[in-house]
Amino acid sequence: MTNFSAIFKHQTGVIPFIIAGDPDADTTVASVVAEAEAGAAIVELGVPFSDPVADGPVVKAGNQRAFAGGITVAKVFDIIARIRLQTQVPLVLVTYTNVPFVYGYAAFAKKAASFGVAGVVVPDLPHEEAADFRAALADEGIDLITIVGPADPERIKAVVAPATGFLTVFPAPPEPVLSQEIAAIRAASDLPIVVNAEVTQPQAVEAIAKVADGVQLNAAFVQLIADHADAKTVADYTKRLVSAVTTIK
Amino acid sequence: MQEVDNRFGEFGGQFVPEALMPELIRLNNVFQEAKTDPAFQAEFHRLLNEYAGRPSLLYFAENMTKDIGGAQIYLKREDLNHTGAHKINNVIGQALLARRLGKTRLIAETGAGQHGVATATIAAYFGMKCAVYMGKEDTERQKLNVFRMQLLGAEVIPVTDGQGLLKDAVNAALADWAVNAQDTFYLIGSAVGPAPYPAMVHDFQSVISTESREQMLAATGKLPDAIVACCGGGSNAIGSFAAYLNDPTVKLYGAEAAGEGLNTMHHAATLSKGSTGIFHGMKSKFLQDQDGQIAKVYSISAGLDYPGIGPEHAALQASGRATYVGITDEEAVSAFEYIAKQEGIIAAIESSHAIAYTRKLAKQMRPDQTIICTVSGRGDKDVASIAKYRGVDIDD
């Protein structure tokens with residue numbers, strides 16, 4: 001398993017999100033490598049799904065661009081292989097349950113492990129349904145990243161109990177609720193806490209960074225790809241975010 | 001089929017974002033309480049009888065029976081309910097639960113518009129706000145129902161994502177719910193979605209077969225030999241089957257939309273051609289590709305045009321208790337015309353799939369045997385599109 005606590009120990013981590021194949025494999029590979037060089041703590045790589053029900057319109061559109069470019073699960077793994085030739089940045093895959101389910105939980109875990117994938121996030125796989133996939137991933141040394149939502153302390157306790165790796169707060173409520181929620185999670189778990197932020201401006205990211213161990217930005221990065229499809233733009237943005245949070249801790 | 005730990009056999013479950021789980025848990029608690037609460041049951045049945053106009057008729061289709069010359073055909077007339085379809089049964093039940101949960105806004109997905117109309121109706125009756133998500137394509141082919149919903153005070157939100165069909169409407173409703181769960185109740189019309197929805201729809205729609213069982217025993221002194229219902233997500237089918245699940249002599253048939261044919265790429269026959277997957281909150285059967293991407297679907301019927309199926313149906317198919325067959329557009333349209341001419345009933349194009357299979361099945365059965373075919377809804381909404389299918393230009 002990856003030592004995520006060590007990754008987040010000294011500085012709040014910036015976690016960009018890139019959809020594999022949006023709009024093509026070359027852009028994805030170049031963007032992930034550039035983000036890693038720009039100081040991203042982890043990169044989250046979306047494995048496209050036809051119906052990403054937990055995502056907003058920006059990410060939905062990114063998925064559609066990837067499908068228009070002919071993305072398949074096999075091609076996502078090819079992209080990961082190409083990324084691995086250039087960077088060892090920790091990679092976390094983001095996908096919906098049906099993708100690994102149809103691939104086979106064990107086969108998916110094995111394939112991901114062969115490229116050193118560190119974690120997998122599945123937005124439609126809550127605590128009650130997660131045991132099988134979590135076990136299959138753990139067998140291969142991969143963490144199933146647990147999503148914590150707005151809930152009472154009892155539920156938070158139950159959700160984080162089997163968690164490994166790090167925790168993701170999604171959706172992120174506005175302050176002061178966010179700080180209260182993070183305090184409730186910290187009372188139940190020692191794992192690093194990452195906030196999935198809807199914001200895009202570095203100042204807003206900095207505010208979240210004050211209370212979290214990592215900030216993950218989905219729509220912001222997907223929109224940059226939509227507008228520019230260019231690795232340098234996402235790298236520059238990553239750098240601005242990293243320097244915005246660099247004074248923290 | 002008994003639901004155990006949120007599952008029907010291996011199917012079902014609760015595959016939703018964590019943010020919705022506390023809401024599902026609350027809903028399940030209220031649903032379980034309501035099951036054994038005499039006050040809830042009394043209110044539910046009072047509204048079914050006094051507002052929806054139940055019980056619905058079990059009607060002996062003498063002309064069809066004579067014409068086909070096989071089994072005796074009975075029609076369970078859900079088309080005669082208030083709002084014109086079986087959808088009102090479940091809507092009353094879920095709206096009562098929404099009220100218990102203190103919700104003030106109902107949202108729904110709709111394909112043909114029948115569930116949207118039913119939801120808009122009950123929202124008007126209970127004084128709740130209502131928004132109905134409907135695929136853009138479906139809003140075009142079911143214009144009449146769009147206007148009905150608006151008349152009832154609901155906001156109809158056309159969904160342009162994907163193919164603009166029922167699946168896309170469910171996606172949009174789920175997204176709305178995830179953001180607005182505080183005051184909003186997602187009233188799912190089909191026997192799909194995360195637990196406890198499939199079980200709720202089963203319970204609230206089971207009034208169809210509870211009645212038909214009594215009515216059949218009163219009419220003939222014995223149970224029917226077969227039940228036929230159309231099957232998109234499976235709400236009227238599960239309601240039509242429910243009271244007979246433990247009567248092995250009663251054969252159960254679901255008629256799916258085979259569109260242009262099961263061997264074409266243009267159909268919505270999930271149980272005939274699909275495979276096991278996890279989507280829309282449930283493990284069930286889906287039309288999907290080898291990567292698990294949900295497939296495009298096609299049917300003349302907006303209500304059956306869905307790439308999934310309720311988990312209980314997947315389990316009933318797996319156990320062999322129910323059989324699911326494909327009915328093409330052409331067979332359904334022929335049945336639509338046939339029952340109009342034979343019985344003077346304009347049935348929904350969805351229900352016409354069940355009628356089409358009943359025509360085939362009755363022929364293979366003996367005159368002393370009986371079939372109950374559920375006419376799940378009335379077909380006024382379909383007249384324009386049937387005319388178009390037949391190349392007749394009418395001003396709708």
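Residues numbered from 1 in each chain as written. Chains lettered and ligands numbered in written order. Predicted model: local features only at pLDDT ≥ 70, side-chain atom pairs only at ≥ 80, totals over all residues. Heavy atoms only, no water.

- With an unreviewed UniProt entry as reference, chain B is termed Tryptophan synthase beta chain, source organism Lacticaseibacillus nasuensis JCM 17158.
- The heading Cofactor (unreviewed entry) in the UniProt record of chain B holds the text "pyridoxal 5'-phosphate".
- Check the Function (unreviewed entry) section of the UniProt entry for chain B; it says "The beta subunit is responsible for the synthesis of L-tryptophan from indole and L-serine." (UniProt positions renumbered as here; feature names shortened; annotations may be inferred.)

- As recorded in an unreviewed UniProt entry, chain A goes by Tryptophan synthase alpha chain and comes from Lacticaseibacillus nasuensis JCM 17158.
- The record held by UniProt for chain A lists under Function (unreviewed entry) the comment "The alpha subunit is responsible for the aldol cleavage of indoleglycerol phosphate to indole and glyceraldehyde 3-phosphate."
- Taken from UniProt, the Catalytic activity (unreviewed entry) comment for chain A reads in full: "(1S,2R)-1-C-(indol-3-yl)glycerol 3-phosphate + L-serine = D-glyceraldehyde 3-phosphate + L-tryptophan + H2O".

### Focus on the UniProt feature "modified residue: N6-(pyridoxal phosphate)lysine" (unreviewed entry) in chain B
Residue and element names in this part refer to chain B.
Now for step 1: Mapped onto the present numbering, the UniProt feature "modified residue: N6-(pyridoxal phosphate)lysine" (unreviewed entry) falls on Lys-87.
Now for step 2: Along the polypeptide, Lys-87 turns up in helix H4 (residues 87–100).
Now for step 3: In contact with Lys-87, not counting residues within four places along its chain, are Gln-114, His-115, Ala-118, Gly-189, Ser-190, Gln-205 and Ser-235. (Helix = DSSP H or I, 4+ residues; strand = E, 2+ residues; numbered from the N terminus. Contact = heavy atoms within 4.5 Å.)

### Concerning the side chain of Thr-87 of chain A
All names here are of chain A.
Now for step 1: Turning to its location among the elements, Thr-87 is positioned in the loop between helix H4 (73–84) and strand E3 (91–94).
Now for step 2: Owing to a relative accessible area of 12%, Thr-87 belongs among the buried residues under this scheme.
Now for step 3: Within the structure, the side chain of Thr-87 is placed 3.0 Å from the backbone nitrogen of Val-89, a separation counted as a polar contact.
Now for step 4: Beyond its immediate stretch of four places on either side in the chain, Thr-87 contacts Val-33 and Ala-36. (Buried < 20%, exposed > 50% of the residue type's maximum accessible area, 1.4 Å probe, protein only. Polar contact = N/O pair within 3.5 Å; in protein donor to acceptor, adjacent residues only side chain to side chain.)

### Details of the environment of Ser-206 of chain B
Residue and element names in this part refer to chain B.
Now for step 1: Note on placement: Ser-206 falls in the loop between helix H9 (197–205) and helix H10 (207–220).
Now for step 2: For Ser-206, a relative accessible area of 16% corresponds to the buried category.
Now for step 3: Not counting the four nearest positions on each side in its chain, Ser-206 is found in contact with Gly-239 and Ala-242.
Now for step 4: Polar contacts involving the side chain of Ser-206 include one to the main-chain carbonyl oxygen of Asp-203, which spans 2.7 Å.

### Some details on the domain arrangement of chain B
Residues and elements named next belong to chain B.
Now for step 1: In terms of domain boundaries, chain B breaks down into domain 1 (22–48 + 87–201) and domain 2 (55–84 + 205–389).
Now for step 2: The C-alpha-based centres of domain 1 and domain 2 are spaced at 22 Å.
Now for step 3: In this complex, domain 1 contributes 32 residues to the contact, which on the side of domain 2 involves 36 residues.
Now for step 4: Regarding the contact of domain 1 and domain 2, the summed buried area is about 2,600 Å², with carbon and sulfur atoms giving 56% of it.
Now for step 5: Three residues stand out in domain 1 for area buried against domain 2, namely Asn-89, Arg-141 and Lys-167, and they jointly supply 20% of the buried area on that side.
Now for step 6: Linking domain 1 to domain 2 there are one salt bridge.
Now for step 7: Taken together, the connections running from domain 1 to domain 2 amount to 14 residue pairs in polar contact (both at pLDDT 80 or more).
Now for step 8: Sorting the residues of the side of domain 1 that touches domain 2 by element identifies H4, helix H5 (114–126), helix H6 (136–141), helix H7 (143–151), helix H8 (166–180) and H9 as the ones contributing at least two each.
Now for step 9: The leading source of residues in the side of domain 1 that touches domain 2 is H8, at five residues.
Now for step 10: Classifying every residue of the side of domain 1 that touches domain 2 gives 15 nonpolar, twelve polar and five charged. (Domains from an automatic or database assignment. Buried area = accessible area lost by both parts, 1.4 Å probe. Salt bridge = Lys/Arg side-chain N within 4 Å of Asp/Glu carboxyl O. Nonpolar A, V, L, I, M, F, W, Y, C, P; charged D, E, K, R; others polar.)

### What to know about the sheet that holds strand E5 (residues 105–110) of chain B
Residues and elements named next belong to chain B.
Now for step 1: Pairing is parallel across the open sheet formed by four strands, whose spatial order is E7-E6-E5-E8. Looking at which strands have only one partner, the edges of the open sheet turn out to be strand E7 (155–159) and strand E8 (184–186). Going from strand to strand, the sheet's axes swing by 25° on average, the running direction of each strand aside.
Now for step 2: Alignment of E5 against strand E6 (residues 129–135), held across six bridges, turns out to be parallel. (Pairing = 2+ DSSP bridges. Axes fitted to C-alpha atoms, helices over the stretch in contact; angles between N-to-C directions.)

### Brief notes about empty space enclosed by the protein
Residue and element names in this part refer to chain B.
Now for step 1: Taken as a whole and judged by the stated rule, the model has four cavities of 30 Å³ or more.
Now for step 2: Taken as a whole, the largest cavity encloses approximately 290 Å³ of empty space.
Now for step 3: Taken together, 27 residues line the largest cavity, and the ones lying closest to its centre are His-86, Lys-87, Ser-235, Gly-303 and Glu-350.
Now for step 4: In the lining of the largest cavity, the residues fall into seven nonpolar, 16 polar and four charged.
Now for step 5: Two domains each donate at least three residues to the lining of the largest cavity, and these are domain 1 (22–48 + 87–201) and domain 2 (55–84 + 205–389).
Now for step 6: The volume enclosed by the second largest cavity comes to roughly 110 Å³.
Now for step 7: Looking at the lining of the second largest cavity residue by residue, the class counts come to nine nonpolar, two polar and two charged. (1 Å grid on protein atoms, 1.4 Å probe; cavity = no way out; pocket = protein on both sides within 12 Å on 5 of 7 lines; lining within 4 Å. Points joined across faces, edges and corners; volume = space filled by probe spheres on them.)

### As for the UniProt feature "domain: Tryptophan synthase beta chain-like PALP" (unreviewed entry) in chain B
Now for step 1: Under the UniProt annotation, "domain: Tryptophan synthase beta chain-like PALP" (unreviewed entry) lies at residues 54–377 of chain B.
Now for step 2: Between the end C-alpha atoms of residues 54–377 of chain B the distance is 14 Å, and the span holds 42% helix and 21% strand.

### Overview of the layout of surface pockets
Residues and elements named next belong to chain B.
Now for step 1: Here the second largest pocket defines a volume of roughly 660 Å³.
Now for step 2: Of all elements in the fold, only H6, H7 and helix H16 (383–389) reach the threshold of two or more residues within the lining of the second largest pocket.
Now for step 3: The leading source of residues in the lining of the second largest pocket is H16, at six residues.
Now for step 4: Residue contributions to the lining of the second largest pocket reach at least three from each of two domains, namely domain 1 (22–48 + 87–201) and domain 2 (55–84 + 205–389).

### Quick notes on the pattern of salt bridges
Now for step 1: Evaluated as defined, the whole model comprises 36 salt bridges over all chains.
Now for step 2: If you follow the salt bridges from partner to partner, you end up with Glu-43, Arg-46, Glu-50 and Arg-99 of chain B in one network.

### Some details on the pairing of strand E12 (residues 281–286) of chain B
Residues and elements named next belong to chain B.
Now for step 1: Within E12, six of the six residues are buried, which leaves it mostly tucked inside the rest of the structure.
Now for step 2: Across two bridges, the pairing between strand E2 (residues 11–15) and E12 is antiparallel. Within E12, the residue paired with Gly-12 across the bridge is Lys-283.
Now for step 3: With five bridges connecting them, strand E11 (residues 275–279) and E12 associate as antiparallel partners. Following the sheet pairing, Ser-275 is matched in E12 by Phe-286.
Now for step 4: In this structure, the hairpin formed by E11 and E12 is closed by a connection of one residue, where His-280 is found at a positive phi of approximately 50°.

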